[in-house]
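# Architecture at a glance
Spelled out, the chains give:
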Amino acid sequence: STKNTLTHSRRAPARRARLSHVALAGRRGTRRGQTLVFTVSARTRVRLTLARADRNVFRLTLSAHQGQNHFSLTSFLRGRHLAPEHYVLTVRAGNRTVRLKLTA
């Protein structure tokens, strides 16, 4: 009699995380600042990029859990203040990219 031995482990195919419901919550100019709120369908890495006139100002990659995530823009900027200009915040996860226009 032969035993069935597993020689190769099989993983379930990886699902790509879907990014949805991207928005800014809170008010500018307050002590707490604004918070980025987004939803992902599975645990994934999310890349945030803040750009001004085609020049990246800040870039950060963070781990997001399944469901709704909150991330403070004040911590993203590490306490720095932005010059009063127009900026674009790009949120990227999986195969979706969302751009939010900001004015500092």
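We now turn to the structure provided with this report. (Residues numbered from 1 in each chain as written. Predicted model: local features only at pLDDT ≥ 70, side-chain atom pairs only at ≥ 80, totals over all residues. Heavy atoms only, no water.)

### Some details on the overall build of the protein chain
- Scanning the protein chain from N- to C-terminus turns up 1 helix and 7 strands.
- The proportion of buried residues among the 104 residues of the protein chain is 33%.
- Residue pairs in contact within the protein chain that sit at least 24 positions apart in sequence constitute 49% of those at least 6 positions apart.
- On the protein chain, roughly 8,200 Å² of surface is accessible, and the fraction owed to carbon and sulfur atoms is 46%. (Helix = DSSP H or I, 4+ residues; strand = E, 2+ residues; numbered from the N terminus. Buried < 20%, exposed > 50% of the residue type's maximum accessible area, 1.4 Å probe, protein only. Contact = heavy atoms within 4.5 Å. Areas by Shrake-Rupley, 256 points an atom, 1.4 Å probe, with all protein chains shown as cover.)

### Quick notes on the pairing of strand E6 (residues 86–93)
- The sheet contact formed by strand E3 (residues 44–52) and E6 spans 5 bridges and is antiparallel. Paired with Arg47 across the two strands is Arg92, which belongs to E6.
- Of the pairings in the sheet, the one linking E6 to strand E7 (residues 96–103) comprises 8 bridges and is antiparallel in character. Residue pairing for E7: Leu89 is matched across the bridge by Leu100. (Pairing = 2+ DSSP bridges.)

### What about the sheet that holds E3?
- Strands sit in the order E4-E3-E6-E7 across an open sheet of 4 strands; the sheet is antiparallel. The two strands at the open ends of the sheet, each matched to only one other strand, are strand E4 (55–64) and E7. The average undirected angle you get between the axes of adjacent strands in this sheet is 20°. (Axes fitted to C-alpha atoms, helices over the stretch in contact; angles between N-to-C directions.)

### Here's the deal with the environment of Leu48
- Structurally, Leu48 is set in strand E3.
- Residue class for Leu48 comes out buried when judged on its relative accessible area of 0%.
- Expressed as a C-alpha distance, the spacing of Leu48 and Thr90, which sit 42 residues apart in the sequence, is 5.7 Å.
- Among residues more than four places away in sequence, those in contact with Leu48 are Leu36, Phe58, Arg59, Leu60, Leu62, Phe71, Phe76, Thr90 and Val91.

### Describing the sheet that holds strand E2 (residues 35–40)
- Judged by pairing direction, the sheet is antiparallel, and its 3 strands sit side by side in the order E1-E2-E5 without closing on themselves. This sheet does not close on itself; its edge strands, each paired only once, are strand E1 (19–25) and strand E5 (67–72). Geometrically, the sheet is characterised by an average inter-axis angle of 20° between neighbouring strands, direction not taken into account.
- Judged from the 6 bridges that link them, E2 and E5 form a sheet pairing that is antiparallel. Counterpart to Val40 in the pairing with E5 is Gly67.

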